[in-house]
Amino acid sequence: MANALEMKKICKYFSGVRANYNVDLTVRQGEVHALLGENGAGKSTLMNILYGLYSPTSGEVYLEGQKVNITSPEKAIKLGVGMVHQHFMLIPALTAIENVVLGMDEDKSPMLDLTTAAKKLTELAAQYNMELDPNAKVSQLTVGQQQRLEILKALYRGAKLFIFDEPTAVLTPQEVEELFNMFKLLTSEGKTIIFITHKLQEVMSICDRCTVLRLGEVAATVDIADTNKQDLATLMVGKPVSMVYEKADIDPAAQQTILQMENVVAKGTEHGGLKGIDLTIRSGEILGIAGVDGNGQSELVDCITGLMKVESGKVSINGQDMTNAAPKAVLESGVSHIPADRLARGVIMPMNLSENVLLMNTRKKDFLKGMFLQWNKINQYTDGIIKKYKVKTPSRNELIQNLSGGNQQKVVLGREIERNPKLLIAMHPDRGLDIGATSFVQQSIVDERDRGAAVLLVSTELEEIQTLSDRVAVMYEGQIMGIVPPDTPIHEISMMMAGIRYEDIVKEKEASGVGA
Amino acid sequence: MEAIIDFINTDIRMMMPMLIAAMGLVYGERAGILNIGAEGIMLIGAFAGYTGAVFSGSPWIGILAAMLSGGLVGVLFAFLVITLQADQTVVGAALNIFGLGLSTTLNRVVFGVNSNMPQARSFSTLHIPVLSDIPVLGTLFFKYNILAYLAVILLIILHIILFRTKLGLKIRAVGENPRACDTLGINVYRVRYGAVIFSTMLCGIAGAYLSIAQLSMFAENMVAGRGYIALSAVVFGKYSPLGTLVAGLVFGGGQALQAKMAAMQTNFPDELLQAIPYLLTIFALVGVVGKSVSPAAETVPYDKD
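Residues numbered from 1 in each chain as written. Chains lettered and ligands numbered in written order. Predicted model: local features only at pLDDT ≥ 70, side-chain atom pairs only at ≥ 80, totals over all residues.

**Q** Can you walk me through helix 10 (residues 226-236) of chain B in this structure?
**A** Along an α-helix, residues three or four apart share an orientation, since each turn contains 3.6 residues. Residue and element names in this part refer to chain B. Buried residues dominate helix 10, accounting for 10 of its 11 residues. Buried within helix 10 we find Arg226, Gly227, Ile229, Ala230, Leu231, Ser232, Ala233, Val234, Val235 and Phe236. Of the residues one or two after helix 10, Lys238 is the one with positive phi, at around 50°. (Buried ≥ 20, exposed ≤ 12 C-beta atoms within 10 Å, placed from the backbone. Helix = DSSP H or I, 4+ residues; strand = E, 2+ residues; numbered from the N terminus.)

Below, the structure written as structure tokens:
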């Protein structure tokens, strides 16, 4: 059988800069083929060439053995290539079915026939065990549903080869599982999947083969059965990457309580909010908050940082009552915050690095002379951060929007950590980052702990939580289901994430233990 | 009774130029382009239409001239804001000044200052057999010129195209998320160019409606804010052609009221009545008549790379 896709000797230059060089990619029909690589390794460029958004400088593309010349997305769609973009290409103001038929001309009539199309979509969805109201506005769909709609959109157009660009970055663990079931269903029908991800665990669990790109070239194509996570990471980065962190021993006697929350209640934005949170974090420890997104984690962080009103209960930082204190007062009491949404809260995209660094330090005495900013001092400070945190940037005057996500996050990290916080709050600090950057961010967080900071780490990645934390608190619907050691078995943590209290799990275990 | 009929008649007549411009602007805005230069384009259309009608002796040629002049300005506007990605507000504001200057200058060059302006041949009130003779209803709805009827028919067609056809879906989608459209093989630039040029053509006709259907002459700055009111009507009408009809009736009513009050010589301040459309728009924006939400990508230039 012919291979579903062969890309031969693909080269792509952007104004002289090499993005792809002699890339060979062979994808067999019916397989899930992972495409791995650091940010900037050329994965997106390669896929955009396949989808007709870029044209290659040189090289050939074969679909099912036929040489093709894909000059536009329209042509790619006609040839059976479907792409599910990382940032969904949906229009929130339109309905699901309108999004599906947009740009299509099935019946050659100028009129829209949404009724027939909706029927066809519902049938298609049922065929793949999906439920979707064709007339629902996209803005009312959950992230998981939107992704399903993207898949249906491609299926509706008759896609045979699917490109998934980091589809799991935005999903909850349950949704990831559903997505992987979908992968299996699609491949069982002979459809082919190219899966771009940073998560090696996922590659190991779902993929058949994997092509690793490094600096625009193919580092290797391997069978998943013959490899392991460590080898893949090494291939991606080009040198061994440490994914274990040595933590310094902390003398328990020297630990002080930094953050104390007593029965904190807050109204939620969309979900239940906080329903009585008791939490203590001491200096020199990382407390990991595990839980499915939207179970009160962001409310928890916002109540500490003063961004959300605490209805009742008490928040103390370093022994001082900071309940409903202004964000400025919270920051000045020694709290640093790496926010979940880097774009919305972490940086100002059209500003340069110095300006973004200055944002958190406008009251720093060194940076001011009267009412005027001391730019030479600020620039010096920024250069220090760039060097220490290995930020890849042409200069401190570069707009932060021109940096990769990993480098943006390093700027935020540097800005927050250089303030020597007593309490560091990090929410999804490595979301969307590649392995190199993730490892850097995680190491920095561990270093802060070793320095003696109290760290509140919020993440939906259990692996990350378990690797970094000293204690793990599991949140469910605005409550803490239990605080357990990081080596607690995953299935017990999962049970807590689903709303079962730890004491009940323990009771159950004892009961069954007695029974046996 | 007669007073009410008379008021409604005036309302509908006042509404027409605003309505024609507004239903065009709906298309531009739905595609993501805000053209605050509508006022200036209407002025150019008013002058071109009047000149065309005077020299050809046919109001239809006048309308054609107005449409072409509007379209021409539209090409320029589209090139600046779509291809060169210039700021739509700035270019639009410049168009208003340009339109006022150009129409005034050309008027003085062609027709001279203080001279007696020649009368353009105008559209006469259409007498429709039977319908126009129905008591009350006939006077209410069938005593207008042909352009008014064509405008209402066009309005209905435009509404259907926007919400019931593939082209309409494309236009709406392009104004919401152009990148998504690009990945589906839709040519964003082409759709936006088309929508903008179409909308400026209608703005041109709207201007000519003033100079050759309502009056038979051109006067400097004769559009007098109707372009801005048309922009308000788009928002008030929630970006739908039928919505602009409702908005047009409300705003036209405000102008009719203003005219009546002026005729009655009351002490009620005229300026307050003139402010009605704008006040209504503000209410519309804050959600008094149900929230009016602008297309997500409106005023945002699309950069393919």
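**Q** Would you mind showing me how to read the interface of chain A and chain B here?
**A** By a widespread convention, an interface's size corresponds to the accessible area lost as its parts come together. Contacts between the two partners involve 18 residues from chain A and, on the opposite side, 19 residues from chain B. If one sorts the elements of the side of chain A that touches chain B by residue count, helix 2 (residues 73-78) of chain A sits on top with 3 residues. When the residues that make up the side of chain A that touches chain B are grouped by side-chain class, the tally is 12 nonpolar, 3 polar and 3 charged. (Contact = placed C-beta atoms within 7 Å. Nonpolar A, V, L, I, M, F, W, Y, C, P; charged D, E, K, R; others polar.)

**Q** What is the right way to look at the sheet that holds strand 6 (residues 81-84) of chain A in this model?
**A** In sheet architecture, strand pairing relies on hydrogen bonds along the backbone and comes in two forms, parallel and antiparallel. Residue and element names in this part refer to chain A. Spatially, 6-7-8-3-9-10 is the arrangement adopted by the 6 strands of the open sheet, whose pairing is mixed. In this open sheet, the two strands that pair with only one neighbour each are strand 6 and strand 10 (217-223). On average, each strand axis in the sheet is tilted by 20° relative to the strand beside it, whichever way the strands run. As paired elements, strand 9 (residues 209-214) and strand 10 share 6 bridges and run antiparallel to each other. Considered in strand 10, the bridge of Arg214 is made with Glu217. (Pairing = 2+ DSSP bridges. Axes fitted to C-alpha atoms, helices over the stretch in contact; angles between N-to-C directions.)

**Q** What is the right way to read the sheet that holds strand 14 (residues 312-317) of chain A from this model?
**A** As summarised here, the arrangement of the 4 strands in space is 12-11-14-15 (chain A), forming an open sheet in which the pairing is antiparallel. Whereas interior strands pair on both sides, the edge strands pair on one side only; in this sheet they are strand 12 (274-282) and strand 15 (320-321) of chain A.

**Q** Looking at this structure, how should I read the nonpolar core?
**A** Generally speaking, soluble globular proteins have nonpolar side chains that are buried together. Residue and element names in this part refer to chain B. Ala21 and Ala22 are the most contacted members of the largest nonpolar core, which totals 157 residues. When residues of this core are assigned to their parent elements, the largest contribution, 15 residues, is made by helix 9 (residues 188-214). Beyond its immediate sequence surroundings of up to four residues, Ala21 is in contact with Ala38, Met42, Leu202, Cys203, Ala206, Gly227 and Ala230. (Core = buried A, V, L, I, M, F, W, Y, C linked by C-beta atoms within 7 Å.)

**Q** What exactly am I supposed to notice about the packing of helix 2 (residues 38-56) of chain B against helix 4 (residues 88-111) of chain B here?
**A** Pairs of packed helices are described in terms of their axes, by the angle between the two and the distance that separates them. Residues and elements named next belong to chain B. Direction vectors running N to C along helix 2 and helix 4 enclose 20°, while the axes themselves pass 6 Å from each other. In this view, helix 2 runs roughly parallel relative to helix 4, as classed from their interaxial angle. Crossing geometry of helix 2 relative to helix 4 is assigned as left-handed. Across the interface between the two elements, Glu39, Gly40, Ile41, Leu43, Ile44, Ala46, Phe47 and Thr51 from helix 2 touch Leu95, Asn96, Ile97, Phe98, Gly99, Leu100, Leu102, Ser103, Leu106, Asn107 and Val110 from helix 4. Counted by class, the contact of helix 2 with helix 4 contains 12 nonpolar, 6 polar and 1 charged residues. (Parallel < 35°, antiparallel > 145°, perpendicular 65-115°, else oblique. Left-handed = near helix turned anticlockwise from the far one by under 90°.)

**Q** Please clarify how the environment of Val472 of chain A should be interpreted in this entry.
**A** All names here are of chain A. Examined against the element boundaries, Val472 turns out to sit in strand 21 (residues 471-476). Residue Val472 is classed as buried on the basis of its 24 C-beta neighbours within 10 Å. A C-alpha to C-alpha distance of 5.8 Å links Val472 and Leu287, two positions 185 residues apart in sequence. Setting aside its immediate chain neighbours within four residues, Val472 contacts Gly288, Ala290, Ile465, Ile483, Val484, Pro486, Thr488 and Ile493.

In short, geometric facts, not functional conclusions.
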